Amino acid sequence: MTVEQNVLQPGGAAKHQQTFLNQLREITGINDIQVLQQALKDSNGNLELAVAFLTAKNAKVPQLEEATYYQTALPGNDRYISVGSQADTNVIDLTGDDKDDLQRAIALSLEESNRAFRETGITDEEQAISRVLEASIAENKASLKRTHPEVWSDSPNPYDRKRQDNCPVGLKNVGNTCWFSAVIQSLFNLLEFRRLVLNFNPPANAQDLPRNQKEHRNLPFMRELRYLFALLVGSKRKYVDPSRAVEILKDAFKSNDSQQQDVSEFTHKLLDWLEDAFQIKAEEERDGEKSKNPMVELFYGRFLAVGVLEGKKFENTEMFGQYPLQVNGFKDLHECLEAAMIEGEIESLHSENSAKSGQEHWFTELPPVLTFELSRFEFNQALGRPEKIHNKLEFPPILYLDRYMHKNREITRIKRDEIKRLKEYLTVLQQRLERYLSYGSGPKRFPLVDVLQYALEFASSKPVCTSPVDDLGASAPASGTLPAQTPPSTIEQQGPSSSDVPSTSPVQRSVIHKPFTQSRIPPDLPMHPAPRHITEEELSVLEGCLHRWRTEVENDTRDLQESISRIHRTIELMYSDKTMVQVPYRLHAVLVHEGQANAGHYWAYIYDHHQNRWMKYNDISVTKSTWEELERDSFGGYRNASAYCLMYINDKEQYLIQEEFNKETGQILVGMDTLPSDLRDYVKEDNKRFEKELEEWDAELAQKAQQEKLLSQIPRAPAPSPAPVQAGEPEYLEQPSRTDISKHLKEDSVQAINKALAEQEDRGPEAIMDTAIKLEYTRLLKLAQEDPPPECDYRLRHAIVYFIQNQAPKKIIERTLLEQFGDHNLSFDERCRNIMKVAQAKLEMIKPDEVNMEEYERWHQDYRNFRETTMFLMVGLEFFQKKSYMEALLYLIYAYQNNKELLSKGPYRGHDEELISHYRRECLLKLNEHAAALFESGDDQEVNNGLIIMNELIVPCLPLLLVDEMEEKDIVAVEDMRNRWCSYLGQEMEPNLQEKLTDFLPKLLDCSTEIKGFNDPPKLPSYSTHELCERYARIMLSLSRTPADGR
């Protein structure tokens, strides 16, 4: 949003001039308003020419690649086109001092600009907006070609994309459009704005408008925005696709260039388009009357600019929308506002015949929605590129704007003068306090009260009459000699010697102090220095003086500190009186940017005024948040994230956030009831399409289940015995040909049967079976109760151990033991065959209501998952130890995910989560370093290989590390990986590398915790129980021998 009239030049009424001035100030670092205005005037409003003109005057113009860099890499949201373009044959050389060349360049630019406007009816500024949209669409298409669909496409399971309850709907990032999502969600959650968009009706004569009019662009966009808002209200999807709205904007302009756009400029242009669209409707409805535009009423305010220009006073009323604020050099939002409201030397405003220039701004009318644009980018003249300002800047949840209102200008001026006086006095007090706290004239300084205390301690020490050297007596060496080294045994035997013998050895060696064997310090030797001679009278006077001085210094220091605190408190409360808290504005949304000036990611924190909580809108992910999280990510100084745009709303204008009511019933309208009939039908149709996706998915799963059931009913090859196989038998018990589990259990069963026969040889098969089951259960219970070392996990030996440790129901354990003894592998001799038949008969006698078969299957499925997780972990660790990190990563990822699901059911269901997390993290860090090394090589093939590692392995895994914010080590690891790549932004590199880097960084910096789809799990080898236990023990033993950092 812009200032409609120039402050210091009332005659030049260019609508966007103030915005251009702010951008020039930010890009060039020049604060002189007259210099900026002159440059803008000389370039006839062309921003790029003005930048070139100013930088040519203030610094050496960069070479071609650098020049194209800062012209195309203006601060933006997700990606910067920072590639040096090829020289055009018609380019005019501006690197010299020839002013004619500059004039020809300006003339040529104006000619092209005018010709373009005549042909299309679209200004250069509007074309610049289109470039970012084209870049986003092109990036989306290119990314689909570059990356595997398994990583970047939507989850094939529509239930993963289903909206949960009434959770807010997210927006899909369709190719570096997180800036679009952040702005749209912030506006959508303004209920008044939402109502205006949803209830917008296109004018009846819209189809008659010529193509070169901007209405032809605005109205189709309004239609798509209505559809998008309707989906955000009533969709059954977790997130919706905004491509059509973005496509409409892109198609409205035609340009072969691409230029990055930032959030503030996009918001400014978006509201301009909406203002134009509503203006058409307003003019149609109010023929002959002055029409009111709801966008202007909602987002525009007015301020009065009063000041002096070259000794002449002026006063202008101007309109504003987004209010720009400088961040550098300020600690909080009020300091930024104070600086923005006063420019130049304002002391001359009340004096006559002054040649100084300056101005004050006073708000005369505040908009219901007040947006502050925080300028966190500045142009580095030396390096010829923009840089981001990471300084911390605090802002309050409630902002009182009374002090900036024109009606309060007199009292505000008085308070400002008082604050200025207090700050001057505060500076004097702080300087005085510093002299007390840092006393001395040398490089090392100490608090004066400590210096006096040390002097008092010295004076009070016991006086000594000898030199500290002479006092050592016989133990001191003769003058000019060094003591000879005495063998330890001699020292121990003789103790302190009565005399020292000068060393006659040609090689002099220093004394080695040996505690408890050499002579000790004499007990009467003082531990600290002390006065040599001092009388009682002298000591009494000195102690009295030092005590008095120390007390005086302590009192002075305390008085200074109390005065400083009191002044700070007075300044803080200067505007807290009742008359200055009448204009409260509540923070509605914070748009956050993470990254550097050349690349980054946007998301938004938006306040839910009805639930009284903060929500984080990060593309497709919408999650609950807190003020503490907002502070951490928005204030700056933490990582590379900071607020870029603040949206406040008038806290007294409740209609901005008030729900809509049914006029007849008086009930609150929610969801689909808030939509006009045409949009309601549109959303219903989309929901039907999504429901059809769900039905097709369910049908596909049912078909697969039916096929698996049919396959399971195909008879197997006849076993040695005709004994039937139990239908409910677990997979790992019924397939001895695929695993060796049944064989392992057979050996355990035979051992139990033999022991039972030895104890009760004359008993029948049933009694022997009962005894064998008791013996087997006793053995397994003992294993379950032991506390083995990490390399020996008894759960892998038998499911019963797993069940006992996890407190499975008794019926589940009993049936599992019966199935073990009823297994057909026991049919190899007559005794075992008889026991097997008894066990099978007992299984058939179990009634359905005695054992819940669904629960039984769930327990056995959990055990199968536990063994599978173990194999994922084991194979992953084996690959890790071989330094095959790419192969190890996927196994460790699935080990962690499966293990987390198991542990959610109980602490003994899975493995040590910290262990798996550590090696998963280490694997990612090592792969990141490897990919970075490949990128640094500069070789095209290696650079591409490095980026493939990042795009296909590391980036998809980052949400897994960020999803749990309690895992601080994982979050630190992600920041380390991101900082490794962000460090390249300030380095010189080839243009093709710069392009690839700026193309890749937004994916790396995406803070979304939405877990992308992965490839299918890696295939696991087939291990017998014995092999599994042996290999697991071997890998765990090797880990214990080489402990990893952080475990």
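Residues numbered from 1 in each chain as written. Predicted model: local features only at pLDDT ≥ 70, side-chain atom pairs only at ≥ 80, totals over all residues. Heavy atoms only, no water.

Asker: What is the right way to look at the overall build of the chain in this model?
Answerer: For the chain, the helix and strand inventory stands at 33 helices and 16 strands. With 1047 residues in all, the chain has 48% of them scored as buried. Across the chain, the fraction of contacts at a sequence separation of at least 24, relative to all contacts at a separation of at least 6, is 73%. For the chain, the computed accessible surface area is about 53800 Å², with 50% contributed by carbon and sulfur atoms. (Helix = DSSP H or I, 4+ residues; strand = E, 2+ residues; numbered from the N terminus. Buried < 20%, exposed > 50% of the residue type's maximum accessible area, 1.4 Å probe, protein only. Contact = heavy atoms within 4.5 Å. Areas by Shrake-Rupley, 256 points an atom, 1.4 Å probe, with all protein chains shown as cover.)

Asker: I'm lost on the environment of D823 in this one. Help?
Answerer: Counting through the fold element by element, D823 comes out in the loop between α25 (810-821) and α26 (830-845). For the pair D823 and S749, spaced 74 residues apart in the sequence, the C-alpha separation amounts to 9.6 Å.

Asker: Would you mind showing me how to read the nonpolar core here?
Answerer: Most often, soluble globular proteins have nonpolar side chains that are buried together. By size, the foremost hydrophobic cluster in this structure holds 96 residues, and its most contacted members are F803, F935 and W981. Ranked by size, the runner-up nonpolar core spans 61 residues in total, among them V183, L198, L591 and C645. (Core = buried A, V, L, I, M, F, W, Y, C linked by side-chain atoms within 4.5 Å.)

Asker: For this particular structure, what's the right way to read the pattern of salt bridges?
Answerer: Any two side chains of opposite charge can pair if their charged atoms end up close together. Evaluated as defined, the whole model comprises 40 salt bridges. Between K810 and E814 there is a salt bridge whose closest N-O contact spans 3.9 Å. Of the two residues, K810 and E814 both sit in helix α25, four residues apart, roughly one turn of that helix. Residue K810 is classed as exposed on the basis of its relative accessible area, which comes to 63%. What emerges from the salt-bridge pattern is a single network uniting R161, R237, D686, R689 and E693. (Salt bridge = Lys/Arg side-chain N within 4 Å of Asp/Glu carboxyl O.)

Asker: How should I be thinking about helix α19 (residues 627-634) in this particular structure?
Answerer: Given 3.6 residues per turn, any residue in an α-helix points the same way as the ones three and four places further on. Looking only at α19, the buried set comprises W627, E629, L630, D633 and S634. Viewed end-on, α19 has its buried residues packed into an arc of 155°, placing them on one side of the element. Where α19 is buried, its residues touch β12 (584-595), β13 (600-608), β14 (613-618), β15 (621-625) and β16 (641-650). Directly beyond the C-terminal end of α19, a positive phi value near 100° is found at G636. (Arc of directions from axis to C-beta.)

Asker: I keep staring at unusual backbone geometry and nothing clicks. Help me out?
Answerer: A negative phi angle is the norm for most residues apart from glycine, just as the trans form is the norm for most peptide bonds. One non-glycine residue, D165, lies in the positive phi region at around 50°. With respect to the helices and strands, the residue D165 is situated in the loop between α7 (149-152) and β1 (170-171). At K883, a residue that is not glycine, the phi angle is positive and equals roughly 65°. Looking at the element boundaries, K883 is found in the loop between α27 (853-881) and α28 (885-903).

Asker: Is there a simple way to think about the pairing of strand β8 (residues 369-375) in this case?
Answerer: Walk down a regular strand and you will see the side chains alternate between the two sheet faces. A large share of β8 lies buried, amounting to seven of its seven residues. Here β8 shows a buried face lined by V369, T371, E373 and S375 and a second buried face lined by L370, F372 and L374. In this structure, strand β5 (residues 323-326) lies alongside β8, joined through four bridges in parallel fashion. Along β8, the bridge assignment pairs Q326 with S375. Strand direction decides the pairing type here: β8 and β16, joined by five bridges, are antiparallel. In the sheet register, E373 faces β16, and the bridge partner there is C645. (Pairing = 2+ DSSP bridges.)

Asker: Mind showing me how you'd approach the packing of helix α23 (residues 765-785) against α25 here?
Answerer: A pair of packed helices is captured by two measures, namely the crossing angle of their axes and the spacing between those axes. α25 packs onto α23 with a crossing angle of 120° between their chain directions and a minimal axis gap of 11 Å. Two packed elements cross with a definite hand, and for α23 against α25 that hand is right-handed. On the side of α23, the interface is formed by M769, A772, I773, E776, Y777 and L780, while α25 contributes I813, L817, L818, Q820 and F821. Of the residues belonging to the contact of α23 with α25, the class tally is nine nonpolar, one polar and one charged. (Axes fitted to C-alpha atoms, helices over the stretch in contact; angles between N-to-C directions. Left-handed = near helix turned anticlockwise from the far one by under 90°. Nonpolar A, V, L, I, M, F, W, Y, C, P; charged D, E, K, R; others polar.)

Asker: Mind showing me how you'd approach the pairing of β13 here?
Answerer: The buried fraction of β13 is high, at eight of nine residues. Here β12 runs beside β13; their pairing, made up of seven bridges, is antiparallel. Note that in β13 the partner of H593 across the bridge is Y602. Note that β13 and β14 share five bridges and pair antiparallel. Within β14, the position partnered with I606 by the bridge is M615.

Asker: Looking at this model, I keep getting lost on the packing of aromatic side chains. Mind explaining?
Answerer: This model, assessed by the stated rule, comprises 33 aromatic pairs. Seen from their ring centres, F320 and F363 are 5.3 Å apart, and the 35° between their planes marks the pair as tilted. With F320 in strand β4 (residues 312-320) and F363 in strand β7 (residues 358-365), this pair connects stretches of sequence that are 43 residues apart. By the burial criterion, F320 is buried, and F363 matches it. Three or more aromatic residues joined by ring pairs form one cluster here, namely F395, Y607, W614, W627 and F635. A cation over an aromatic ring shows up here: K882 above the ring of F879, its NZ or CZ 5.9 Å from the ring centre. If you follow R909 out to its NZ or CZ, it ends over the ring of W859, 4.2 Å from the centre. (Phe/Tyr/Trp six-rings, centres within 6.5 Å; stacked < 30°, edge-to-face > 60°. Lys NZ or Arg CZ within 6 Å of the ring centre and 35° of its normal.)

Asker: Honestly, the packing of helix α29 (residues 913-937) against helix α30 (residues 940-962) in this entry has me stumped. Any pointers?
Answerer: Packing of α29 against α30 brings their axes to within 8 Å, and their N-to-C directions diverge by 150°. With respect to α30, the element α29 is oriented roughly antiparallel. Handedness of the crossing formed by α29 with α30: left-handed. Of the residues in α30, those touching α29 at R920, L924, L927, N928, H930, A931, L934, F935 and S937 are E942, V943, N945, G946, L947, I949, M950, L953, I954, C957, L960 and L961. Tallied by class, residues from the contact of α29 with α30 come to 14 nonpolar, five polar and two charged. (Parallel < 35°, antiparallel > 145°, perpendicular 65-115°, else oblique.)

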